[in-house]
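Residue strings, one per chain:
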Amino acid sequence: MRTAPPDVRALLDLEAAFSAHNYHPLDVVLEKGEGVWVWDVEGRRYMDLLSAYGAVNQGHNHPRIVEALISQARRLALTSRAFRNDRFGPFCRKVTGLLGYGKVLMMNSGAEAVETAIKAARRWGYRKKGVPGDRAEILVFENNFHGRTTTIVGFSTDPGTRADFGPFAPGFRTLPFGDADAVARAMTPNVVGVLVEPIQGEAGVIVPPRGFLRRLREICDEHRALLLMDEIQSGLGRTGKLLAQEREQVRADGVIIGKALSGGLYPVSAFLADDEVMDVFGPGSHGSTYGGNPLACAVAEAALDVLVEERLPERAQELGEHLQARLSALRSPRVRETRVVGLWAGIELDPAAGGARRYTEALRGKGFLCKETHTHTIRLAPPLVISRAEIDAALDALAAVLA
Ligand SMILES: *Cc1c(COP(=O)(O)O)cnc(C)c1O
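None of these values were measured; they are calculated from a predicted model.

1. Considering the overall build of the chain
When helices and strands are tallied, the chain shows 14 helices and 15 strands. Against the globule reference of 22 Å for 403 residues, the chain gives a C-alpha radius of gyration of 21 Å, in line with a compact fold. Along the first, second and third principal axes, the C-alpha atoms of the chain reach 65 × 55 × 45 Å. For the chain, with 403 residues in total, the buried portion stands at 55%.

2. So, the packing of helix α13 (residues 357–365) against helix α14 (residues 388–402)
Taken N-terminus to C-terminus, the directions of α13 and α14 make an angle of 130°; their axes are 10 Å apart at the nearest point. Our classification of the angle between α13 and α14 gives oblique. Taken as a pair, α13 and α14 cross one another with a handedness that is right-handed. Contacts from Y359, A362 and L363 of α13 reach α14 at A397, L398, V401 and L402. Broken down by class, the residue content of the contact of α13 with α14 amounts to seven nonpolar, no polar and no charged.

3. Re the site of the ligand
Close contacts around the ligand come from S109, G110, A111, F145, H146, G147, E197, D230, I232, Q233 and K259, and that covers them all. Interatomic distance of 2.8 Å between a backbone N/O atom of A111 and an oxygen atom of the ligand. Within the side chain of D230, one N or O atom sits 2.7 Å away from a nitrogen atom of the ligand. In isolation the ligand exposes 380 Å². Once the protein is present, 81% of that is buried.

4. Considerations on the domain arrangement of the chain
Here the chain is described as being made up of domain 1 (8–58 + 311–402) and domain 2 (63–309). Here domain 1 and domain 2 have C-alpha centroids that lie 26 Å from each other. Scanning the region where domain 1 abuts domain 2 turns up one salt bridge. The set of elements that each furnish at least two residues to the side of domain 1 that touches domain 2 consists of α2 (51–54), α12 (312–328), β12 (345–349) and β15 (377–380). If one sorts the elements of the side of domain 1 that touches domain 2 by residue count, α12 sits on top with five residues. In terms of residue class, the side of domain 1 that touches domain 2 is made up of 15 nonpolar, ten polar and four charged.

5. What about the side chain of T96?
Among the structural elements, T96 can be located in helix α4 (residues 88–99). Judged by its relative accessible area of 10%, T96 falls in the buried class. Look past the residues within four positions of T96 in its chain and what remains in contact with it is Y101, G102, K103, V104 and L272.

6. Topic: the environment of A182
Assignment of secondary structure puts A182 in helix α8 (residues 180–186). For A182, a relative accessible area of 8% puts it in the buried group. Not counting residues within four places of it along the chain, the set of residues in contact with A182 comprises L175 and P176.

7. A look at the packing of aromatic side chains
Under the defined criterion, the tally for this structure stands at four aromatic pairs. Both rings, one in F141 and one in F177, keep their centres 6.0 Å apart while their planes meet at 75°; by these two values the pair is edge-to-face. One end of the pair, F141, is in strand β5 (residues 137–141); the other, F177, is in the loop between β6 (172–175) and α8, with 36 residues separating them in the sequence. In this structure, F141 and F177 share a single accessibility class: buried. With centroids separated by 5.6 Å and ring planes inclined at 75°, the aromatic side chains of F177 and F212 adopt a geometry described as edge-to-face. Residue F177 is located in the loop between β6 and α8, and its partner F212 is located in helix α9 (residues 212–223); the two are separated by 35 residues in the primary sequence. With a relative accessible area of 2%, F212 lands in the buried category.

8. Let's talk about the pairing of strand β1 (residues 30–34)
Where β1 lies against strand β2 (residues 37–40), four bridges are found, and the strand directions are antiparallel. Counted as the bridge partner of E34 is W37 from β2. Between β1 and β2, which pair antiparallel one after the other, the connecting turn spans two residues, and G35 there sits at a positive phi close to 65°.

9. Notes on α12
With 17 residues, α12 ought to run about 24 Å at 1.5 Å a step, and its terminal C-alpha atoms sit 23 Å apart, in line with that. Considering bend angle alone, the principal kink of α12 is centred on L319 and spans about 25°. Contacts made by the buried residues of α12 are with α11 (294–309), β11 (335–340), β12, β15 and α14.

10. Some remarks on the state of the cysteines
Here the structure, examined in full by the defined rule, presents zero disulfides. Free cysteine C92: the closest other cysteine sulfur is in C297, separated by 6.1 Å.

11. A word on the packing of helix α3 (residues 63–75) against α11
Between α3 and α11, the least distance of the axes is 9 Å, while the angle of their chain directions is 160°. Between α3 and α11, the interaxial angle falls into the category roughly antiparallel. For α3 against α11, the interelement crossing comes out right-handed. Each of R64, I65, A68, L69, Q72 and A73 in α3 lies in contact with α11, whose residues at this interface are P294, L295, A298, V299, A302, A303, D305, V306 and E309.

Criteria and thresholds
Residues numbered from 1 in each chain as written. Predicted model: local features only at pLDDT ≥ 70, side-chain atom pairs only at ≥ 80, totals over all residues. Heavy atoms only, no water. Helix = DSSP H or I, 4+ residues; strand = E, 2+ residues; numbered from the N terminus. Rg over C-alpha atoms; globule rule 2.2 N^0.38 Å. Buried < 20%, exposed > 50% of the residue type's maximum accessible area, 1.4 Å probe, protein only. Axes fitted to C-alpha atoms, helices over the stretch in contact; angles between N-to-C directions. Parallel < 35°, antiparallel > 145°, perpendicular 65-115°, else oblique. Left-handed = near helix turned anticlockwise from the far one by under 90°. Contact = heavy atoms within 4.5 Å. Nonpolar A, V, L, I, M, F, W, Y, C, P; charged D, E, K, R; others polar. Near = heavy atom within 4 Å. Polar contact = N/O pair within 3.5 Å; in protein donor to acceptor, adjacent residues only side chain to side chain. Areas by Shrake-Rupley, 256 points an atom, 1.4 Å probe, with all protein chains shown as cover. Domains from an automatic or database assignment. Salt bridge = Lys/Arg side-chain N within 4 Å of Asp/Glu carboxyl O. Phe/Tyr/Trp six-rings, centres within 6.5 Å; stacked < 30°, edge-to-face > 60°. Pairing = 2+ DSSP bridges. Expected span 1.5 Å × (residues − 1). Bend = angle between axes of the 7 residues up to and from the residue. Disulfide = S-S within 2.5 Å.

Here it is in structure tokens:
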């Protein structure tokens with residue numbers, strides 16, 4: 001039974017008083033989730049059209065993943081890698097087999113897995129390619145988002161992300177996203193890797209020109225550099241494929257995953273590559289206290305099983321076509337462009353519309369939660385378990401607020 005209704009204002013005040021103000025959330029305080037639905041502390045139900053930036057592709061509190069979490073927590077949660085655990089090997093076999101790479105290195109947050117890829121590429125450059133010490137370069141792209149560590153924000157082009165956090169690590173060069181010729185021109189013998197999101201999520205679901213990833217593959221082969229794909233948001237079903245790189249039949253030398261790897265139950269991330277790259281890591285060269293812990297492995301194994309057995313990538317492909325059709329039929333003077341891949345959409349508003357925030361607030365009032373990215377883009381990334389009727393309801397609401 002429920003006690004006195006919580007005072008929402010008081011909860012907001014606690015955050016304001018005691019948390020760093022490093023986010024600007026919608027003022028909705030959630031306490032329960034199931035599938036595509038979440039409930040606030042006053043019992044109002046909302047459709048989640050963001051899924052924690054794609055971490056909840058499997059839907060909130062998927063019973064099978066919850067069960068894996070609880071039963072593993074009862075047995076053993078953390079050993080550190082000082083000892084071995086019985087969930088680690090089976091998970092490593094599953095994730096490498098599913099994604100088609102020789103080896104995996106497990107971490108926790110997405111940013112840590114990106115750091116792992118950077119370390120792998122640099123060491124590979126020095127030890128295998130013969131780049132002179134401390135001269136390795138990695139090519140990255142404008143409007144990238146790869147996480148929040150000091151190294152990573154150092155090569156962000158978003159002023160809010162990097163202002164006054166320097167000095168930054170050298171060794172990165174930034175190029176226009178989608179411009180393969182610029183990449184070809186930027187190649188030098190010291191380039192060890194090209195780090196790219198196959199589709200830029202935080203930037204607003206920016207899809208590069210067709211053939212861009214293929215060209216990157218060719219250029220990397222020609223110049224003996226590693227192609228490193230950050231699939232933390234684009235991967236694990238979101239675009240209609242297990243990995244977005246499959247859309248262009250490209251295979252990166254290293255792939256970074258996170259977010260939906262645990263279905264939202266626990267932070268789990270990973271870097272995958274073949275032996276040629278991964279064997280640069282020997283004992284003591286890299287690690288994390290929680291990386292590869294039994295709880296993470298059990299949760300991630302269940303999360304991958306759900307993706308495959310419920311055919312969530314296929315579902316994203318099919319329903320994504322419906323989402324695309326609905327969005328392209330949306331007639332609003334406030335919308336400048338819509339971009340859709342699988343169940344992932346960026347709705348770019350005309351600057352005259354006054355910014356996306358007012359529309360995400362209006363949608364929230366109608367029971368739909370999504371978030372603006374940058375100032376003028378509404379991003380939709382619902383759990384992949386969403387139904388066609390639910391998409392229709394969301395699009396009706398969107399059309400109403402944008403009318
Ligand atoms: C979310 C995200 C990250 C960072 O992941 P965290 O778990 O927040 O550290 C990195 N790259 C991409 C593409 C992301 O979407």
